[in-house]
Amino acid sequence: MAERFIGLMSGTSLDGVDGVLAEDAGPGLRVLAHVAAPFDAALRAELLALNTPGDNELHRAALAANAVALAYAQVVQQLLQQANWAPAQVHAIGAHGQTVRHRPQAFDGVGYTLQLLNPSLLAERCGIAVVADLRSRDLAAGGQGAPLVPAFHQAQFGQPDAALAVLNLGGISNLSVLPPSGQDAAVLGFDCGPGNALLDLWCQRHRGQAYDADGAWAASGQVHAGLLAALRAEPFFALPPPKSTGRDLFHADWLATRLAPFPGLAPADVQATLAALTAGTCVDAVRAHAPRATRLAVCGGGAFNGDLMRRLQAGLPGLQVVSSQALGLPPQQVEAAAFAWLASRTLRGQTGSLASVTGARGARVLGAVYPA
Ligand SMILES: Nc1ncnc2c1ncn2[C@@H]1O[C@H](COP(=O)(O)OP(=O)(O)OP(=O)(O)O)[C@@H](O)[C@H]1O
Ligand SMILES: [Mg+2]
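Residues numbered from 1 in each chain as written. Chains lettered and ligands numbered in written order. Predicted model: local features only at pLDDT ≥ 70, side-chain atom pairs only at ≥ 80, totals over all residues. Heavy atoms only, no water.

Side note on the packing of aromatic side chains
The geometry of an aromatic ring pair comes down to the distance between the two centres and the angle between the two planes.
And step 1. Enumeration over the complete set of coordinates arrives at six aromatic pairs.
And step 2. Measuring from ring centre to ring centre gives 5.9 Å for Phe 152 and Trp 341, while their planes differ by 55°; the resulting arrangement is tilted. Residue Phe 152 is found in helix α5 (residues 150-157), and its partner Trp 341 is found in helix α12 (residues 334-347); the two are separated by 189 residues along the sequence. Each member of the pair, Phe 152 together with Trp 341, is buried.
And step 3. Geometry around Trp 85 places Arg 4 over its ring, the cationic atom sitting 3.5 Å from the centre.
And step 4. In this structure, Lys 243 is placed above the aromatic ring of Phe 236, and the distance from its NZ or CZ to the ring centre is 4.6 Å. (Phe/Tyr/Trp six-rings, centres within 6.5 Å; stacked < 30°, edge-to-face > 60°. Helix = DSSP H or I, 4+ residues; strand = E, 2+ residues; numbered from the N terminus. Buried < 20%, exposed > 50% of the residue type's maximum accessible area, 1.4 Å probe, protein only. Lys NZ or Arg CZ within 6 Å of the ring centre and 35° of its normal.)

Remarks on the UniProt feature "binding site: ATP" (unreviewed entry) in the protein chain
And step 1. Here the UniProt feature "binding site: ATP" (unreviewed entry) sits at Gly 11, Thr 12, Ser 13, Leu 14, Asp 15, Gly 16, Val 17 and Asp 18.
And step 2. Following the sequence through the fold, Thr 12 ends up in the loop between β1 (4-9) and β2 (16-25).
And step 3. Aside from chain neighbours lying at most four places away, what touches Thr 12 is Gln 98, Gly 171, Ile 172 and Arg 247.
And step 4. Only 3.5 Å separates the side chain of Thr 12 from the backbone nitrogen of Gly 171, close enough to count as a polar contact.
And step 5. Mapped onto the secondary structure, Leu 14 falls in the loop between β1 and β2.
And step 6. Residue Leu 14 is classed as buried on the basis of its relative accessible area of 1%.
And step 7. Non-local contacts of Leu 14, meaning those with residues more than four positions away in its chain, are made with Phe 39, Arg 44, Leu 47, Leu 48, Asn 51, Gln 98 and Arg 247. (UniProt positions renumbered as here; feature names shortened; annotations may be inferred. Contact = heavy atoms within 4.5 Å. Polar contact = N/O pair within 3.5 Å; in protein donor to acceptor, adjacent residues only side chain to side chain.)

Shown next as structure tokens:
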């Protein structure tokens, strides 16, 4: 019988947890249940606060890691209920945890990446083995530790006869470039820049809403060329891959500094300009690194942003821009499914990372296993 895995992802948007229960359908997975659960407001605020240096961090981070585990455990219960399964019928949970710092190769040359989660508590609450801390080993091997999803994208979406580009629009955007699966060419992947993070921040501040539904507000504004140029001057965009980023770089102060020379801009025009930044940096990445792709499949919550999708299509007239749904997996399930798949790899002693993506010395078996 096909083995079953749960994948749990809570990304940089800090919107909450996406969980899937999936079974092996080699080389990829078949998703059998999906649950999306928002973080409660207090936990979300604390996780956001822990992204920047503050008082008593060790204590607060430890308690937040417990709270993330409990939120994850609730998602697991709901998935088991939906599928009508007992814990013993699930092989393992691949759990990402909540990234609060991501500084590969910084400081001492190794750097660190920190995903808050208490995996022992999660295993104890669920009675299922947990595979966690999936990024650190790649850093130890000299890599970025991110993105980790391209290998799954290739297994799940790779086409025998066509190159495909897959763009994840989460809080941060990342691109996977998949050669035809029959070819020996390497899979590429890297973070492009901000996805929804700045759009969400600006929308929350000026509209009191967690996100700009369908990008309607951004679509109502005018792109400001001067501000766009100032935002695009960020050196990260011009760096060659391998590269990865997070809220360590693209945070409220980053935006405030670049907005300062443009006082009095209408908030809707700033939102339009942020949308142009997100779409434009992704378009540049596709043009530079996926010249042979004929399709761009978009996943992550940004796939529901019609304004972003139109901007991507306008910037890439030679490609067909589609939701990952067109390839059989709804946008909000892809990243969670990737962590279910990574857990399956680890339990089988198979590598999960790709050195061609992260820049590590080689592919590695990722994470640590917390037995049921
Ligand atoms: N209907 C919608 N219209 C516009 N934007 C949406 C819509 N639905 C979701 N989003 C955006 O998607 C975001 C959530 O996406 P997602 O969960 O993929 O990101 P994430 O948690 O940061 O994941 P990751 O960092 O792993 O890629 C929301 O914060 C919001 O910006
Ligand atoms: Mg999310």
